[in-house]
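Below are the chains, spelled out letter by letter.
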Amino acid sequence: MPSSIIDTGIAFVERTSADLVEVRFKSGAVLSASGITALLDARERMAGAGPALVLIMFPNEQMDFELAMMTTDNYQGRPAQRHSRAVAWVTRNAHNDRFTRLYFTYFPSPVAAGIFMDEQEARAWLRLQ
């Protein structure tokens, strides 16, 4: 199991247990298509022996989203099922929540996904997956 933390520029990605990868977006980061590509590459490297549950956490403040990221299917052509069983997004505020839900309305997740304002609720949902 990989134990290092990968810094993707917009987030830190870490395999925190045999079955869980945690992603923490950096304060002040701008979500871009290239940033999401780097993030997905890191998640794939952290997969180790097989797909894991993924917890993705936004910072407390509002994040900026580049328009190109919002209009790109970032999972297209990517084998997300090989590295992710289910993904829980912790948005923390109405702004991040709105943009995350909008994105997945147009580009549904290829694996089970939930969007939550609260980390404990997201972790509880992941335990059921």
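Note that the structure is predicted; figures quoted are calculated from it, not measured. (Residues numbered from 1 in each chain as written. Predicted model: local features only at pLDDT ≥ 70, side-chain atom pairs only at ≥ 80, totals over all residues. Heavy atoms only, no water.)

**Considerations on the overall build of the chain**
Keep this limit in mind: Secondary structure follows DSSP: runs of H or I at least 4 residues long count as helices, runs of E at least 2 residues long count as strands, and numbering of each begins at the N terminus. Taken over C-alpha atoms, the radius of gyration is set against a globule rule of 2.2 Å times the number of residues to the power 0.38. When a residue's accessible area, from a 1.4 Å probe over protein chains only, is under 20% of the maximum for its type it is buried; when over 50% it is exposed; and in between it is partly exposed. What makes two residues a contact is simply this: any of their non-hydrogen atoms within 4.5 Å. Using a 1.4 Å probe, the Shrake-Rupley method yields the accessible areas, and only the shown protein chains count as cover for residues.
Each helix and strand counted, the chain has five helices and eight strands in total. Helices and strands appear in the chain in the N-to-C order β-β-β-β-α-β-β-α-α-β-α-β-α. Computed over the C-alpha atoms, the radius of gyration of the chain is 13 Å, within 12% of the 14 Å expected from 2.2 N^0.38 for a compact globule of 129 residues. Principal-axis analysis of the C-alpha atoms places the extent of the chain at approximately 35 × 30 × 25 Å. For the chain, with 129 residues in total, the buried portion stands at 48%. The contacts of the chain with a sequence gap of at least 6 include a subset with a gap of at least 24, amounting to 77%. With the model as given, the accessible surface of the chain reaches about 6400 Å², and the carbon-plus-sulfur share is 53%.

**Digging into the pairing of strand β7 (residues 84-90)**
The test is simple: Here, strands pair whenever DSSP counts at least two bridges between them. Whether a crossover is right-handed depends on one test, that the path from the first strand over the helix to the second runs clockwise when the strands point away from the viewer.
Across the seven residues that make up β7, a large majority, six, are buried. Where strand β5 (residues 52-57) lies against β7, six bridges are found, and the strand directions are parallel. When the bridges of β7 are listed, Val54 appears paired with Val87. In this structure, β7 lies alongside strand β8 (residues 112-116), joined through five bridges in parallel fashion. Following the sheet pairing, Val87 is matched in β8 by Ala113. The parallel pair β7 and β8, bridged by helix α4 (residues 94-106), forms a crossover whose chirality is right-handed.

**Regarding the packing of aromatic side chains**
The relative placement of two aromatic rings is captured by the distance of their centres and the angle of their planes. Here is the rule: Working definition: a ring pair exists when centres of Phe, Tyr or Trp rings (six-membered ring for Trp) sit within 6.5 Å. Plane angles under 30 degrees give stacked, over 60 give edge-to-face, the rest tilted.
Under the defined criterion, the tally for this structure stands at eight aromatic pairs. When the centroid spacing of 5.0 Å and the interplanar angle of 40° are considered together, the rings of Phe25 and Phe58 count as tilted. Here Phe25, found in strand β3 (residues 20-25), pairs with Phe58, found in the loop between β5 and β6 (64-65); they are 33 residues apart in sequence, far enough to count as distant. Comparing Phe25 with Phe58, the two get one shared label, buried. Aromatic pair Phe65 and Phe99: ring centres 5.0 Å apart, planes at 15°, arrangement stacked.

**Some points on unusual backbone geometry**
Phi is positive for Arg92, which is not a glycine, with a value near 70°. By the element assignment, Arg92 lies in the loop between β7 and α4. Residue class for Arg92 comes out partly exposed when judged on its relative accessible area of 29%.

**A closer look at the sheet that holds strand β1 (residues 5-7)**
What links the strands of a sheet is backbone hydrogen bonding, and the strands pair in either a parallel or an antiparallel sense. Applicable threshold: Only the stretch in contact is used when a helix axis is fitted, and all axes are lines through C-alpha atoms; the angle between N-to-C directions ranges over 0 to 180 degrees.
One open sheet holds the six strands; their spatial order is β1-β2-β3-β5-β7-β8, and the pairing between them is mixed. Two strands bound the open sheet, and with one partner strand each, they are β1 and β8. Pairs of neighbouring strands in the sheet enclose a mean axial angle of 15°, with direction left out of account. Together, β1, β2 (11-17), β3, β5 and β7 form the strand contacts of helix α1 (residues 33-46), whose direction differs from that of β2 by roughly 20°. Across the sheet, helix α5 (residues 119-127) touches β3, β5, β7 and β8, and the angle it forms with β7 is around 165°.

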